[in-house]
Amino acid sequence: MDFSYREKSLIASLGVTLLIFGWYLYGAFSNLSLNPEPPGFVEIIILIIWVAVLESIIQGFLASMKKSQVEDERDKFIEKISYRYSYGFLSACIWFLMVQILLDTWFDNHLMLTTPYGMFHFLLLFFVLSEVIRFGTQLYYYRNGV
Amino acid sequence: MSQQALADKVGVTRQTIFAIEKDKYSPSLEVAFKISNEFGVPLETVFNYK
């Protein structure tokens, strides 16, 4: 399969996002099912900062490589479509979490999802998934046309 | 004329010219006019609406 430079850089971004946040979220949700209590505030903050910094450095490097390429109307159009899908997904997820909080309040159920620790990681998961959708949509449209 | 040469003259990437040729992207009117101007032919000679 012949990939353009932009497609390769999108695949790399997608891979980095999946690898770093996938690794972090896998660990977080494994702990969540066993123990809904946070392992320690400082530890979580340090780990999140470490993951975010690592991800930003790699994404920044990939973005600087991409910027050296000329961006035209097709690239902007595909980017716009991908942001629309990503935003739609994220909005739906935020509404889902809001309903969960309301249900939790009304029925006094302490769901794993609505503990502060669980909520934090579900929000992070939804942000990561929306990024994956953004990269995935761009790849799809670069491959199949718009 | 090569795809890269046309892309440089029109101000888009080579991939976009390739996508237009393969019918995978419908260019804006501005780009469509620029392409037809490069070939020195009317717009409807280069593009047609399906």
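Note that the coordinates shown come from a computational prediction; the quantities given were computed from them, not determined experimentally.

Reading guide: rules and limits
- Position numbers for residues count from 1 along each chain, tracking the sequence in the order it is written.
- The lettering of chains begins at A and the numbering of ligands begins at 1, in the order of writing.
- It should be noted that, the model being predicted, local features are given only for residues of pLDDT at least 70 and side-chain atom pairs only at 80 or more, the latter also being counted only at that level, while totals for whole chains, interfaces and linings use all residues.
- A run of H or I in DSSP counts as a helix once it spans at least four residues, and a run of E counts as a strand once it spans at least two, with each numbered from the N terminus.
- For the exposure call, what matters is how many other C-beta atoms sit within 10 Å of a residue's own: 20 or more marks it buried, 12 or fewer exposed, and in between partly exposed, using C-beta atoms placed from the backbone.
- By the convention adopted here, residues are in contact when the distance between their C-beta atoms, placed from the backbone, does not exceed 7 Å.
- Using C-alpha atoms as the atom set, the radius of gyration is obtained and then compared with a globule rule of 2.2 Å times the number of residues to the power 0.38.
- In this analysis an axis means a line fitted to C-alpha atoms, helices contributing only their contacting stretch, and an angle means the value between N-to-C directions, from 0 to 180 degrees.
- Angles below 35 degrees are treated as roughly parallel, those above 145 as roughly antiparallel, those between 65 and 115 as roughly perpendicular, and all remaining angles as oblique.
- Handedness of each helix crossing follows the sense of rotation of the near helix against the far helix: counterclockwise by less than a right angle gives left-handed, clockwise gives right-handed.
- In this count, Pro and Cys sit with the nonpolar residues alongside Ala, Val, Leu, Ile, Met, Phe, Trp and Tyr, while Asp, Glu, Lys and Arg are called charged and the others, Gly among them, polar.
- In predicted models, pLDDT denotes the confidence assigned by the predictor to each residue on a 0 to 100 scale.
- For a helix, the expected span equals 1.5 Å multiplied by the residue count minus one.

**Focus: the overall build of chain A**
At step 1: On a plain count of helices and strands, chain A comes out with four helices and zero strands.
At step 2: Taken from the N to the C terminus, the helices and strands of chain A come in the order α-α-α-α.
At step 3: Within the span of chain A, comprising 146 residues, buried residues form 12% of the whole.
At step 4: For chain A, restricting intrachain contacts to residue pairs at least 6 apart in sequence, the fraction spanning at least 24 positions comes to 87%.

**With respect to the overall build of chain B**
At step 1: For chain B, the helix and strand inventory stands at four helices and zero strands.
At step 2: Scanning chain B from its N terminus toward the C terminus, one meets helices and strands in the order α-α-α-α.
At step 3: The C-alpha radius of gyration computed for chain B amounts to 10 Å, which stays within 12% of the reference 10 Å derived for 50 residues, consistent with globular compactness.
At step 4: Each of the three principal axes of chain B carries a C-alpha extent, and together these read 25 × 25 × 15 Å.
At step 5: Looking at chain B as a whole, 26% of its 50 residues are labelled buried.

**Observations concerning unusual backbone geometry**
Trans peptide bonds make up most of the peptide bonds, and negative phi angles are found at most residues other than glycine.
At step 1: Even without glycine at this site, Asp23(B) takes up a positive phi of about 65°.
At step 2: With respect to the element layout, Asp23(B) can be found in the loop between helix 2 (14-21) and helix 3 (29-39).

**Observations regarding the packing of helix 3 (residues 73-107) of chain A against helix 4 (residues 116-144) of chain A**
All names here are of chain A.
At step 1: Look at helix 3 against helix 4: their axes get within 8 Å of each other, and the N-to-C directions meet at 155°. With respect to helix 4, the element helix 3 is oriented roughly antiparallel. Crossing of helix 3 over helix 4 shows right-handed handedness. Where helix 3 abuts helix 4, its residues Ile78, Glu79, Ile81, Ser82, Tyr83, Tyr85, Ser86, Phe89, Leu90, Cys93 and Leu97 lie against Met119, Phe122, Leu123, Phe126, Leu129, Ser130, Ile133, Arg134, Thr137, Gln138, Tyr141 and Tyr142.
At step 2: Residue composition of the contact of helix 3 with helix 4, grouped by class: 16 nonpolar, five polar and two charged.

**Some thoughts on the packing of helix 1 (residues 3-10) of chain B against helix 2 of chain B**
In a packed pair of helices, the relevant descriptors are the angle between the two axes and the axis-to-axis distance.
Residue and element names in this part refer to chain B.
At step 1: Where helix 1 contacts helix 2, the two axes come as close as 8 Å, and the packing angle between them is 110°. Of the possible angle classes, the one that applies to helix 1 and helix 2 is roughly perpendicular. Only Arg14, Thr16, Ile17 and Phe18 of helix 2 make contact with helix 1, whose side of the interface consists of Gln3, Gln4, Leu6 and Ala7.

**So, the interface of chain A and chain B**
At step 1: Taken together, the contact pairs seven residues of chain A with 10 residues of chain B.
At step 2: Tallied by class, residues from the side of chain A that touches chain B come to two nonpolar, two polar and three charged.

**What about the confidence of the model for chain B?**
At step 1: Overall, the prediction assigns chain B a mean pLDDT of 91, with 100% of residues at 70 or greater.
At step 2: Looking over chain B, one finds the lowest element-wise mean pLDDT in helix 4 (residues 43-46) of chain B, namely 91, and the highest in helix 3 of chain B, namely 94.

**With respect to helix 4 of chain A**
All names here are of chain A.
At step 1: Taking 1.5 Å of rise per residue, 29 residues should cover 42 Å, and helix 4 covers 41 Å from first to last C-alpha, within 8% of that figure.
At step 2: Of the residues making up helix 4, those classed as buried are His121, Phe122, Ser130, Arg134, Phe135, Thr137, Gln138 and Tyr142.
At step 3: Backbone geometry just after helix 4 places Gly145 at a positive phi near 90°.

**A closer look at the environment of Ala5(B)**
At step 1: As for its position among the elements, Ala5(B) is in helix 1.
At step 2: As for Ala5(B) and Asn48(B), which are separated by 43 residues in sequence, their C-alpha atoms are 23 Å apart.

**Section: the environment of Ser56(A)**
At step 1: Among the secondary structure elements, Ser56(A) is positioned in helix 2 (residues 41-67).
At step 2: Here the alpha-carbon distance between Ser56(A) and Thr17(A), two residues 39 residues apart in the chain, equals 9.7 Å.

**Some thoughts on helix 2 of chain B**
At step 1: Looking at helix 2 of chain B, one finds that the buried residues are Gln15(B), Thr16(B), Ile17(B), Ala19(B) and Ile20(B).
At step 2: Among the structural elements, helix 3 of chain A together with helix 1 of chain B are those in contact with the buried residues of helix 2 of chain B.
At step 3: Positioned one or two residues after helix 2 of chain B, Asp23(B) has a phi angle of 65°, which is positive.

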